[in-house]
Amino acid sequence: MVAATRLHVLELQRFLEGRGWQQLRSFLAAIVESTSDAIIGKDLQGQILSWNHGAELVYGYSEDEAVGRSIKLILPDELEQEEPEILKAVQSGKPLTGFETIRRHKSGKLLNVSLTISPIRDQDGELMGAATIERDITSLKQTIQDLYDREERLRLLMEASGEAIYGIDTLGNCIFANRVCAKILRYRSSTDLLGRDMHALIHHHHADGRPYPASECPIQSAIAAGKSVHILNDVFWREDGSRFPAEYWASPIRRGSEIVGAVVIFEDSTERIAAERVRGELAAIVESSGDAIIGKSLDGTITSWNRGAVQLYGFTTDEAIGRNYRDCLLGRLIDAEDAVDTSNADWMTRTLETQRTRKDGGIIEVGITESAIRDSQGALIGTSSIERDISQRKRREAELERAREQAEIANRAKSEFVANISHELRTPMNAVLGMLRIALEEPLPDALRDYLSTASESAENLLLNLDDLLDFSRMEAGRFELEPDPFRFQETLENAVRPLADRAQEKGIDLSLDIDQGIPDQLEGDALRFRQVITNLVGNAIKFTERGHVSLAASCDRADGGRPTLRFVVADSGIGIRPEDRPRLFKAFEQADSSTTREYGGTGLGLAICRRLVEMMGGQIDLESTPGEGSTFWFTLVLNSRLAAPDTDCPPTTDSLEGQLIQKHRGARILLAEDEPISREVAEGLLREACMDVDVAGDGAQAVEMAQLRAYDLILMDMQMPRLTGIDAAQRIRRTSRNLDTPIIAMTANAFEEDRRACLAAGMNAHLAKPVEPDVLYSALLQWLPPVAVSAPPRPARSGY
């Protein structure tokens, strides 16, 4: 309109020049006054000469207030220098059109205006001023800005969306695409898609490779029919030529009543299809299960009922679903148990054995595992239960319990009989031995002395066997107790070994004794039973060794709160034990094989009694053996120290791996996760020998809990543990704990290469195969422990184990 008004002014000017100003002045004034645009005349000094009604509307000043004043009346202060530049442009004789600037309203409000400025000349063509047509475009500018803002918000929303979005025009060419769209389609940027035919780009073939004509494309039909479409299973093609299953929604874009394109929202449905497949497989498993698997809502309404439930309880699926679980299956047992407290948001699972009522009224014993069902936000929405008929098992358990009770009665009777007969036999045996000793003190012919010596030795062996029978019978009857008293360790040990040394010397066997000087000498315990264990193990070693050596080593593994744990190792170079015979060695009345009994004698009770005694003294016993090469028996005892024990945090020479470890890492915090007691005892002993600060976890779940509470320098992790395997425990520790970067070393009997790879994949740093030699363990600790600024003075190495 500004341009049109300017055209009228120019035409009028030419008309006036041809016909004269005076004749048409009133006509020009009428035109100027009728427009809503501000038309302002000014001289070359910027003084306002004319001010129409439109100017009054735009700027708020009346004609009387404006005419005769400087045009600065409506100029903002910062734009005062603009007017000379405008007049300079006018003097060039060329009009200015579409010039946008800022002007000030009478109220002080700033206005966006568009100016058209034309020169005014007199009859002689001399420049005498300028006429400006000024339009308030503030609302127009705001509208344009609002459009820009809305477009920017839409763009930001589209970019922030987690879904892939693109738009096309009616020809199928891309007019916009967000970042997720480009990422899924594997383009570097969404700008790579703009202007391109999206059907030819991503939808050109079916999944089976057949061409996909654009005329059959559902997205194009959304434009043609003006209706939204939703396609659940289709394929899109990526930039690299690969395809993926896609689910998409296409809706027409309208401008008024005209359809100008379509917007498409799509997603890669690979995970959804896989999840549906898994759900289908799980549903098939649930339906085919022989156990009853039942789903319930929070109010107890049955929502699912599998084939196993039909077989167990007799109700069909239609009869069960929709009924209340307690009304359906508890019947008169309705008060027999508490229902799940569904108000407890942390409830996860429970296991119980109880009773349920079948459709025919019969009551059956069932084992139930009930678990929480939660939605994707973790809210409890129901429960599921796996229920199994355990009536037959309960009957078997009752029968076994009755049989066990009868066996215990018989066993007690047997033990009492053995105890009585052993006692009765021992009395005359004492007399026999006494008379034999007296006889052997008399002068006797050599042949007779040999006969009596043989009889005396046989009687002593018989007495030892009777003693074993008596001890065992008392243990079986539950009447065996230890009698702890103070004793001197080294003296007691040497007294036990001294008579055995004579026997070893007679056989030509080298018997060595190696005692760790760190063992407290003043101890409290049952010295008699301690000597009995030593005598039995060393005596067996001498008995089953024809040539070579027998050794006894004693060491102090740990001193904690005044209760040292002593470790004893008896090694020989004798006949050895076959692996298949080892499980029977510590059982009563059993030996490796019948030939052992024939050749060496014995009742087969010695090792069984030793195990009982060691366990009663808080220790463990076991062995290692190779047939033909010898055996190594070891056991531990936990005894009370009567005096302060010497410092057992004693580093060996620093040229050994153990010495280096102590020197560099004394006091390092180690978490040992090991469920097997013997392995745990050995590993803990080795770590404490190296002056480590050791915490012990009995299973994987406990290890995760401890790793949440305390930062460690290194974690030793077994793979096979109850509650949580070492693999699972390591993964949880790596996800959330105070030990996200702590070295984790697997120490396990799973020694194959695939086991090592599984450990490393779970976030562990290294893998040690059991049995772990001390130097192998110390070498791994030296490699993975972070440096600790602690120095330990060297001390002489211990002899023996």
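Everything below is about the structure shown above.
Residues numbered from 1 in each chain as written. Predicted model: local features only at pLDDT ≥ 70, side-chain atom pairs only at ≥ 80, totals over all residues. Heavy atoms only, no water.

### Structural notes on the pattern of salt bridges
For the structure shown, the criterion picks out 27 salt bridges. Note that Lys 106 and Glu 65 form a salt bridge whose closest N and O atoms lie 3.0 Å from each other. Here Lys 106, found in the loop between strand E3 (96-104) and strand E4 (110-121), pairs with Glu 65, found in helix H4 (residues 63-66); they are 41 residues apart in sequence, far enough to count as distant. When its relative accessible area of 43% is taken as the criterion, Lys 106 is described as partly exposed. Relative accessible area serves as the criterion here: at 29%, Glu 65 is assigned to the partly exposed category. Note that Asp 695 is salt-bridged to Arg 710, the shortest N-O span being 2.6 Å. In this pair, Asp 695 sits in strand E25 (residues 693-697) while Arg 710 sits in the loop between helix H22 (700-709) and strand E26 (714-717), placing the two residues 15 residues apart along the sequence. Judged by its relative accessible area of 18%, Asp 695 is buried. (Salt bridge = Lys/Arg side-chain N within 4 Å of Asp/Glu carboxyl O. Helix = DSSP H or I, 4+ residues; strand = E, 2+ residues; numbered from the N terminus. Buried < 20%, exposed > 50% of the residue type's maximum accessible area, 1.4 Å probe, protein only.)

### Some points on the nonpolar core
Core analysis: the biggest nonpolar cluster contains 43 residues, and Phe 489, Leu 493, Ile 534, Phe 568 and Phe 635 have the highest contact counts within it. Listing elements by their share of this core, those giving two or more residues are helix H16 (489-507), helix H17 (527-543), strand E19 (549-560), strand E20 (563-572), helix H19 (606-616), strand E21 (621-626) and strand E22 (630-638). When residues in this core are grouped by element, the largest group, eight residues, is from H17. The contact partners of Phe 635, leaving out residues within four places of it in the chain, are Val 533, Ile 534, Leu 537, Leu 566, Arg 567, Phe 568, Val 614, Gln 620 and Ile 621. Among the nonpolar cores identified, the runner-up in size contains 28 residues, and Tyr 166, Met 198, Ile 202 and Ile 219 belong to it. (Core = buried A, V, L, I, M, F, W, Y, C linked by side-chain atoms within 4.5 Å. Contact = heavy atoms within 4.5 Å.)

### A few points about the packing of H17 against H19
One way to put it is that H17 packs onto H19 with a least axis distance of 10 Å and a crossing angle of 145°. In terms of crossing hand, the pair formed by H17 and H19 is left-handed. Only Gly 606, Leu 607, Ile 609, Cys 610, Leu 613 and Val 614 of H19 make contact with H17, whose side of the interface consists of Arg 529, Gln 532, Val 533, Asn 536, Leu 537 and Asn 540. Tallied by class, residues from the contact of H17 with H19 come to seven nonpolar, four polar and one charged. (Axes fitted to C-alpha atoms, helices over the stretch in contact; angles between N-to-C directions. Left-handed = near helix turned anticlockwise from the far one by under 90°. Nonpolar A, V, L, I, M, F, W, Y, C, P; charged D, E, K, R; others polar.)

### Comments concerning the side chain of Gln 220
Turning to its location among the elements, Gln 220 is positioned in helix H9 (residues 218-225). Taking the relative accessible area as the measure of exposure, Gln 220 reaches 19% and is therefore buried. What Gln 220 contacts, discounting residues up to four positions off in sequence, is Ile 168, Thr 170, Gly 172 and Ala 214.

### A short note on a nonpolar patch on the surface
Taken together, the side chains of Val 278, Leu 282 and Ile 285 present a nonpolar region at the surface, about 270 Å² in accessible area. Position of Val 278 relative to the elements: it lies in helix H10 (residues 270-288). (Patch = residues over 30% accessible without salt bridge, like charges linked within 9 Å, V, L, I, M, F, W, Y side chains within 5 Å. Areas by Shrake-Rupley, 256 points an atom, 1.4 Å probe, with all protein chains shown as cover.)

### As for the sheet that holds strand E16 (residues 485-488)
Consider a sheet: its strands pair through backbone hydrogen bonds, and that pairing is either parallel or antiparallel. Spatially, three strands are ordered E16-E18-E23 in an open sheet, and the strand pairing comes out antiparallel. Edge strands, defined here as strands with exactly one partner in the open sheet, are E16 and strand E23 (640-641). Pairing between strand E18 (residues 522-525) and E23: two bridges, direction antiparallel. Looking at E23, one finds that Glu 524 is bridged to Asn 640. Strands in contact with H16 are E16 and E18; relative to E16, the strand with the most contacts, it is inclined by about 75°. (Pairing = 2+ DSSP bridges.)

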